[in-house]
Each structure stands twice: as structure tokens, then as C-alpha cells.
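Coordinate analysis (summary)
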Amino acid sequence: MTIEDPRLAGIFTRMALYEGDWVRSAGGYGGLSPNLGVFRAGCQAGETVFVVQADEGGASADVSTLFPRYVTAEAARLGCGPLKLNLPGSGGSR
């Protein structure tokens, strides 16, 4: 899900700060846990948040694979990029 409205994006900013392990980029920040990825970036329209969440089956491998691809593609589409995400290592980073 991509939240482009800066007012709605503000609701998800707290999740980006505290969810999982740090994900960083020159253009934003976020977090990645086994079942949820949240990334906040400054875009032309203002603050934008990208969210990827596993379904109830908990396909966590899919989240870690899909999340950086989704954020990169959406950021490019919206003119926020290019974003090069620095993903957490296996030991975590919070």
C-alpha cells in the first residue's frame, strides 16, 4: 500500500520509526520485520509511506523480498527516487 496523502502518511510514520529493524536510504527511513515493512520518504507531494504486510499465513520470506522492490518501484513512479534501501543485516539493527 502506498500512502501519498501527507496527513494519512503521518499516521504511519510512527510505525516506520519503531517497526522491526532499520531500513535506511538517503531519501527516507523505515523498518522491516518478518511480517511487515514500512518506509517513509519525502516525495514531491510531501511525506509518503510505503507499506508491505504478509497475509494471515505469515509469508515472511515474501515480505523481505517484495518490500525493497516495491518501495524502489513506487518511489520511482512517484518521482521520489531513486531510492537505494540499506536493508538490515541478519543480526538486526534497532
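Along each chain, the written sequence defines residue order, and numbers are assigned to residues from 1. In keeping with the model being predicted, local features are shown solely for residues with a pLDDT of at least 70 and side-chain atom pairs are shown and tallied solely at 80 or more, while totals for entire chains, interfaces and linings include all residues. With hydrogens and water excluded, all non-hydrogen atoms of the structure serve as input to the side-chain values.

1. Let's talk about the overall build of the protein
Counted only if it meets this: Labels follow the DSSP assignment, with helices taken as runs of H or I lasting at least four residues and strands as runs of E lasting at least two, numbered in each case from the N terminus. To sort residues, take the accessible area from a 1.4 Å probe on protein chains only and compare it with the maximum for the residue type: under 20% means buried, over 50% means exposed, and anything in between is partly exposed. Method for areas: the Shrake-Rupley scheme with a 1.4 Å probe, in which residue coverage is limited to the protein chains shown.
Counting secondary structure elements, the protein contains 2 helices and 5 strands. Shown N-terminal to C-terminal, the secondary structure of the protein runs as helices and strands in the order β-α-β-β-β-β-α. Each of the 94 residues in the protein was classed as buried or not, and the buried ones make up 37%. Here the protein displays about 5300 Å² of accessible surface, and carbon together with sulfur accounts for 53% of that area.

2. Some words on the packing of aromatic side chains
We count it as follows: Aromatic contacts are taken between Phe, Tyr and Trp rings whose centres are within 6.5 Å, Trp giving its six-membered ring; a plane angle under 30 degrees counts as stacked, one over 60 as edge-to-face, and the others as tilted.
Here the structure, examined in full by the defined rule, presents 2 aromatic pairs. Consider the rings of tryptophan 22 and tyrosine 29, whose centres lie 6.3 Å apart with planes at 70°: the pair is edge-to-face. Aromatic side chains phenylalanine 50 and tyrosine 70 sit 6.4 Å apart centroid to centroid with 80° between the ring planes, which places their arrangement in the edge-to-face category. Of the two residues, phenylalanine 50 is situated in strand S5 (residues 46-53) and tyrosine 70 in helix H2 (residues 60-78); the sequence distance between them amounts to 20 residues. The class for phenylalanine 50 is buried, based on a relative accessible area of 0%.

3. Concerning the sheet that holds strand S1 (residues 2-3)
Defined as follows: Note: two strands are recorded as paired if DSSP finds a minimum of 2 bridges between them. Residue contacts follow a heavy-atom distance rule, with two residues in contact if any of their heavy atoms lie within 4.5 Å. Where helices are involved, their axes are fitted lines through C-alpha atoms of the stretch in contact, as for all axes, and angles between N-to-C directions lie from 0 to 180°.
Strand order in the open sheet made by the 5 strands is S1-S5-S4-S3-S2, with antiparallel pairing throughout. Each end of this open sheet is capped by a strand with a single partner; those strands are S1 and strand S2 (21-25). Across 8 bridges, strand S4 (residues 36-43) lies against S5 in antiparallel orientation. The partner of arginine 40 across the bridge, within S5, is valine 49. Taken strand by strand, helix H1 (residues 6-18) contacts S1, S2, strand S3 (28-32), S4 and S5, and its axis lies near 55° from that of S5.

4. What about the state of the cysteines?
What counts, and what does not: When two cysteine sulfur atoms are found within 2.5 Å, that pair is recorded as a disulfide.
Taken as a whole and judged by the stated rule, the model has 1 disulfide. Between cysteine 43 and cysteine 80 runs a disulfide, and the two sulfur atoms are separated by 1.8 Å. A torsion of 110° about the S-S bond marks the disulfide between cysteine 43 and cysteine 80 as right-handed. Of this pair, cysteine 43 sits in strand S4 while cysteine 80 sits in the segment after H2, and the two are 37 residues apart along the sequence. Both residues of the pair, cysteine 43 and cysteine 80, count as buried.

5. A closer look at the environment of phenylalanine 12
Relative to the assigned elements, phenylalanine 12 resides in helix H1. Residues phenylalanine 12 and arginine 40 lie 28 residues apart in sequence; the distance between their C-alpha atoms is 8.2 Å. When residues no more than four places from it in sequence are discounted, the contact partners of phenylalanine 12 are Met1, Ile3, Val38, Val49 and Val51.

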